[in-house]
Amino acid sequence: MPAEDLVIEDPTHPTKKKALRWKRKTRVLILCSRRVDYRSRHLSKNLMRLLPHSKGDSKFDRKRGLTDINDMAEIKNCSKVLYFEAHKLKDVFLYMNDTHIGVAAVFLLHNVCTMEELKLTGNCLKSSRALLSFGAQFDREPHLRLFKELFVSVFSTPVAHPKSQPFIDHVFTFTLVDDKIWFRNYQILPEQAGLAEVGPRMVLEPVKIFDGSFTGEVIYKNPLYRTPNALRRFEKLQKQKKSYNRLVEHIATKTKKKKRAALFNFDQDADFIFEDN
């Protein structure tokens, strides 16, 4: 939790009123590109409902250039950006940027499920603050520590935000499984000392990290990442290979049957037995 979010519990403390002021005026701009699929569009709406310090905007045209999003964030008075970019109506990439520091992380979205699709039993107050939970792996690698700082700066609601509720009733979890980051949202059940999932769900596959906001040099590149086009091409080649092998086996089977028929043709090979001597 950022230092400015620390709350003093003693009501008689002289800095009590000062500590409850809205100090960390962080705002997040959430927008999508044109031709994005409906799941990603509804996912962005779910995130706007869960993050009271977020602002929306109309769909962005990729022909304008990604650097124009920095100007849009400045006009909206936002220091963080969540941008969903669609490719070929199939793949969706998530850009998570800090325009002030100038760091951008790119993720490929997998297994997106919105709150309307899941219909889970969990529930939370609108505009309430959330706890952030990270796995132990996020403190081991440098790029994972950078991801953690980005997640904290984007998903943590500032204290005393005008649109936020002074309650903490749900938790965002970030878990690293198979080199992918799994995002989940759970309701905190104090009576049962447990959790109930609220949604949405998504899996983030890291792609790259840039040293600038939507620009700059690549400071990290995932060595295990394969482009969706390469994966689809590989699957297509595998299917073609299976079809080719099946055709070869079929031809070989027909050839073997013909050879057996020619070898054991009784009418032709056994005529010499009945010939007149």
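Described below are features of the structure shown in this document. Residue indices begin from 1 for each chain and proceed along its sequence in written order. In view of the model being predicted, local features appear only for residues whose pLDDT reaches at least 70, and side-chain atom pairs are presented and counted only at 80 or more, with totals across whole chains, interfaces and linings using the full set of residues. Side-chain numbers here rest on the full set of heavy atoms in the structure, without hydrogens or water.

### Quick look at the overall build of the protein
At step 1: Tallying secondary structure elements over the protein gives 7 helices and 11 strands in all.
At step 2: Counting over 277 residues, the protein shows a buried share of 41%.
At step 3: Working definition of accessibility: Shrake-Rupley area with a 1.4 Å probe, residue cover restricted to the visible protein chains. A total accessible area of about 17,200 Å² is found for the protein, and carbon and sulfur atoms account for 53% of it. Note on conventions: DSSP H or I runs of at least 4 residues are helices, E runs of at least 2 residues are strands, and numbering of each starts at the N terminus. When accessible area is computed with a 1.4 Å probe and restricted to protein chains, residues below 20% of their type maximum are described as buried, those above 50% as exposed, and intermediate ones as partly exposed.

### Digging into the environment of L66
At step 1: Among the secondary structure elements, L66 is positioned in the loop between strand 2 (54-56) and helix 3 (68-75).
At step 2: Among the residues examined, L66 registers a relative accessible area of 21% and is labelled partly exposed.
At step 3: Residues L66 and S213 lie 147 residues apart in sequence; the distance between their C-alpha atoms is 9.0 Å.
At step 4: Those residues in contact with L66 that lie beyond four places of it in its chain are F60, Y83, E85, Y95 and F214. The contact rule is simple, with two residues in contact once any of their heavy atoms fall within 4.5 Å.

### Quick notes on the pairing of strand 8 (residues 180-189)
It is a general feature of regular strands that their side chains alternate between the two faces of the sheet.
At step 1: In terms of strand pairing, strand 7 (residues 165-177) meets strand 8 through 8 bridges, oriented antiparallel. Note on strand 8: the bridge partner recorded for T175 is W182.
At step 2: At least two DSSP bridges between two strands are needed for those strands to be called paired. Hairpin connection from strand 7 to strand 8: 2 residues lie between these consecutive antiparallel strands, with D178 at a positive phi of about 55°.
At step 3: Examined bridge by bridge, strand 8 and strand 10 (residues 201-210) share 3 bridges and lie antiparallel to one another. Looking at strand 10, one finds that W182 is bridged to V203.
At step 4: When strand 8 meets strand 9 (residues 194-197), the two strands line up antiparallel, connected through 4 bridges. Bridge pairing links Q187 to A196 in strand 9.
At step 5: Counted between consecutive antiparallel strands, the loop separating strand 8 from strand 9 contains 4 residues, among which A193 sits at a positive phi close to 55°.

### What about the side chain of R27?
At step 1: Position of R27 relative to the elements: it lies in the loop between helix 1 (16-19) and strand 1 (28-32).
At step 2: When charges are counted, Lys and Arg contribute as positive and Asp and Glu as negative, whereas His and the chain ends are disregarded. Counted as salt bridges are all cases of a side-chain nitrogen of Lys or Arg within 4 Å of a carboxyl oxygen of Asp or Glu. Salt bridges are absent for the buried R27, whose nearest opposite-charge side chain, E74, sits at 12 Å.
At step 3: Within 3.5 Å is the distance limit for a polar contact, defined as a pair of N or O atoms, with the added protein rule that one can donate a hydrogen and the other accept it, and that residues adjacent in sequence qualify only through two side-chain atoms. A polar side-chain atom of R27 sits 3.4 Å from the main-chain carbonyl oxygen of N77.

### Here's the deal with the side chain of T26
At step 1: Relative to the elements of secondary structure, T26 occurs in the loop between helix 1 and strand 1.
At step 2: In contact with T26, not counting residues within four places along its chain, are H53, S79, K80, S153 and P158.

### Here's the deal with unusual backbone geometry
At step 1: The linkage connecting G199 with the following residue, P200, adopts the cis geometry, with an omega of 0°.
At step 2: Structurally, the position occupied by P200 is in the loop between strand 9 and strand 10.
At step 3: The phi dihedral of S127 is positive, around 70°, even though this residue is not glycine.
At step 4: Positionally, S127 belongs in the loop between helix 4 (115-118) and strand 6 (128-134).
At step 5: Judged by relative accessible area, which is 15%, S127 ranks as buried.
At step 6: The phi dihedral of F214 falls on the positive side, at around 60°, and the residue is not glycine.
At step 7: Topologically, F214 is positioned in the loop between strand 10 and strand 11 (218-221).
At step 8: With relative accessibility at 10%, the residue F214 sits in the buried group.

### Some points on the packing of aromatic side chains
At step 1: Two aromatic rings from Phe, Tyr or Trp, using only the six-membered ring of Trp, form a pair when their centres are within 6.5 Å; if the ring planes differ by under 30 degrees the pair is stacked, by over 60 it is edge-to-face, and anything between is tilted. Following the criterion strictly, the structure yields 16 aromatic pairs and no others.
At step 2: Taking the centre distance of 5.8 Å and the plane angle of 90° together, the rings of F60 and Y83 count as edge-to-face. Of the two residues, F60 is situated in the loop between strand 2 and helix 3 and Y83 in strand 3 (residues 80-87); the sequence distance between them amounts to 23 residues.
At step 3: The class of F60 is buried, set by a relative accessible area of 0%.
At step 4: On the numbers, 6.3 Å between centres and 75° between planes, the contact of Y83 with F214 is edge-to-face. You can see Y83 sitting in strand 3 and its partner F214 sitting in the loop between strand 10 and strand 11, a full 131 residues away along the chain.
At step 5: An aromatic cluster is present here, built from F107, F134, F138, F147, F151, F155, F172, F174 and F183 joined pairwise through their rings.

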